[in-house]
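Residues per chain, in single letters:
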Amino acid sequence: MRHVHVRNDRNSARAATLAITALLSAAAFAQTVDSRPAFEIADVHVSPNTRNPAMRTVSRVGRYEIRTATLVDLIATAWGVEPDKVLGGPGWLEMDRFDVITRPPLNAAPPALRQMLQSLLAERFQLAIHMDQKPTGAFVLSVGNGKPKLKESDASGAPGCTRQPASEGGAIPATCHGLSMQVFAQQLRAAAGDYLTSGVIDETNLAGSWDFTLKWTPRGRLAAAGADGITIFDAIDKQLGLKLEPKQVPSPVIVVDRVNQKPTDNAPGTAATLPAPPPPHFEVATIKRTDPQFQGVRIQTPPNGAVMIQGVTLSYLIQTIWFLTPEMIAEAPKWLDTDRWDITAKVAAAPGIPPQTDMDSLIVMVRTLLEDRFQLKTHTEERVVPAYTLAAAKPKLRKGDPADRTGCKEGPGADGRDPRITNPALSRLVACRNMTMDQFAAQLPRIANALNPLNGPIRSTVLNATGLDGTYDFTLSFSPGQFFSPGGTPAPPIADGPSDPNGLVSLPEAIGRQLGLRLALEKRPATVLVIDHIEEKPADN
């Protein structure tokens, strides 16, 4: 291994970065609304309900869209910072979601788009902010106690990392070439986001570029890997001779001073000037019966716009696309559960944008396909079926601070405790603050289904029957794969009794043990999908 160069001033690079960031942010903030460029026209409205409420940005010729974004998302995008660097503001700031659809000037570069978004937020939401510097959570990458296990890179080839397929034990190997430690730190959060809930700061003071291989186990596979599993923290320590640890570090932040919850109305004629693009659809689709030799179900959406579905019954597909349990489908013929189908389709590309295969678009396209090819006709109505209800048992909840923002995030709460360190089977940790029980019940499907939005376990709205008023702070740690028993039925909500010997804790069990609440299936009125008509044989390809 060649000699490792260490800069003399351990804090110079980081101090310079913070100073530059603060100056750039202050310069952007100092501009008046009138001096910043603005979108030619903008449609701002509350986002419709979606199964996967994550911000999505779409940029194409003559159109720039931000979908299902909170105000925190919009502010972070406008000023080019991480969302956890946006502080203050009212409680709804990271709960309410908005769609922003705009027409920017032709050939507008990303910096100009950010300034236009700043203008829009000031004009439509009356946003007022100021810049500050406060301690915030971050992960710091530094040199360990020994000599770093890195090879100094030569100048050949393009810098970057190549991730190999996961090994038999679930570990992810990545081979990196020509990477500076600053770039490595920037890429770590995206590579190991299940471990890193905030940004990574390089404090190694290692100059130059480096070659190395890093192999770690995703958090969700640690329990199954057993002694062969290794966290990203241990991997960086043992394989690279570096340290990665959470710390509070002074950082430039944006503080929200004022913002309106309701944006000002769209200008007259906006809908006609910014018409909605055509709905996503398949350019071509082939449906055929599944080969009896093929077992199981496979759904693939490669990035080239193809959709490949194998071995599905229409019952399974309807449950997936409408997000229902079998009990929530009424008047279905028996063959819906037995006949199996393969669907191969290609998504139609809209002008100036690659084919859309996001979840919301996929749902629309498959629904349309079933309606066109199988002549599926349905309606919804209220019927008594098993659905989830949240009730109080012996509540163990801390009162929330009304001054805090409302929301749930992945990772530890304010106390910093992380039970996943001692029990890897608890691969999900969710911290909620200033949350009413109505809001928590509404969030539960998203929390339960985060790892599998298409086929998650909670497929009905959750009824809040706790009778608890006010807001609360709490954390939940659980094993997401344990919501269902091996037979496919929901695990019982256990509030007391012995835990699984392997440390596994289902979400209903976690809600009972950790919060003193009860999440249970109960027969009550809920929305069901009634099959009015469906053809047993699809229309010809």
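Above this text you will find the structure in question.
Here goes a summary of the coordinates provided.

About the thresholds
Residues numbered from 1 in each chain as written. Predicted model: local features only at pLDDT ≥ 70, side-chain atom pairs only at ≥ 80, totals over all residues. Heavy atoms only, no water. Pairing = 2+ DSSP bridges. Helix = DSSP H or I, 4+ residues; strand = E, 2+ residues; numbered from the N terminus. Contact = heavy atoms within 4.5 Å. Axes fitted to C-alpha atoms, helices over the stretch in contact; angles between N-to-C directions. Phe/Tyr/Trp six-rings, centres within 6.5 Å; stacked < 30°, edge-to-face > 60°. Buried < 20%, exposed > 50% of the residue type's maximum accessible area, 1.4 Å probe, protein only. Core = buried A, V, L, I, M, F, W, Y, C linked by side-chain atoms within 4.5 Å.

1. Some thoughts on the sheet that holds strand S20 (residues 407–410)
Here we have four strands laid out as an open sheet, ordered S19-S23-S21-S20, and antiparallel in their pairing. For this open sheet the edge positions go to strand S19 (398–399) and S20, each flanked by a neighbour on one side alone. Taken together, the two bridges between S19 and strand S23 (residues 472–478) define a ladder with antiparallel strand orientation. Within S23, the position partnered with Lys 399 by the bridge is Tyr 472. Here helix H10 (residues 437–449) sits on the sheet in contact with S20, strand S21 (428–435) and S23, set at roughly 155° to S21.

2. Examining the packing of aromatic side chains
Tallied over the full model, the rule gives seven aromatic pairs. Ring centres of Phe 98 and Phe 125 lie 5.1 Å apart, and the angle between their planes is 80°; this geometry places the pair in the edge-to-face category. Of this pair, Phe 98 sits in strand S5 (residues 98–103) while Phe 125 sits in the loop between helix H3 (110–124) and strand S6 (128–143), placing them 27 residues apart in sequence. The interplanar angle of 85° and the centroid separation of 5.8 Å between the aromatic rings of Tyr 195 and Phe 233 together place this pair among those described as edge-to-face. In this pair, Tyr 195 sits in the loop between helix H4 (181–191) and strand S10 (200–202) while Phe 233 sits in helix H6 (residues 232–240), placing the two residues 38 residues apart along the sequence. A relative accessible area of 3% means that Tyr 195 is categorised as buried.

3. Quick notes on the nonpolar core
Within the largest apolar cluster, 39 residues are counted, with the highest numbers of intra-cluster contacts made by Phe 282, Leu 314, Leu 317, Ile 318, Trp 322, Leu 370 and Ile 534. Mapped by element, the contributors of at least two residues to this core are strand S13 (282–289), strand S15 (306–313), helix H8 (314–322), strand S16 (329–330), strand S17 (340–347), helix H9 (359–373), strand S18 (377–392) and strand S24 (517–533). With seven residues, H9 is the largest single contributor of residues to this core. When near neighbours in sequence (up to four residues on either side) are disregarded, Leu 314 contacts Trp 335, Leu 336, Asp 339, Trp 341, Leu 370, Phe 374 and Ile 534. Core analysis: the second largest hydrophobic core is formed by 29 residues, Val 44, Ile 66, Leu 71 and Leu 120 among them.

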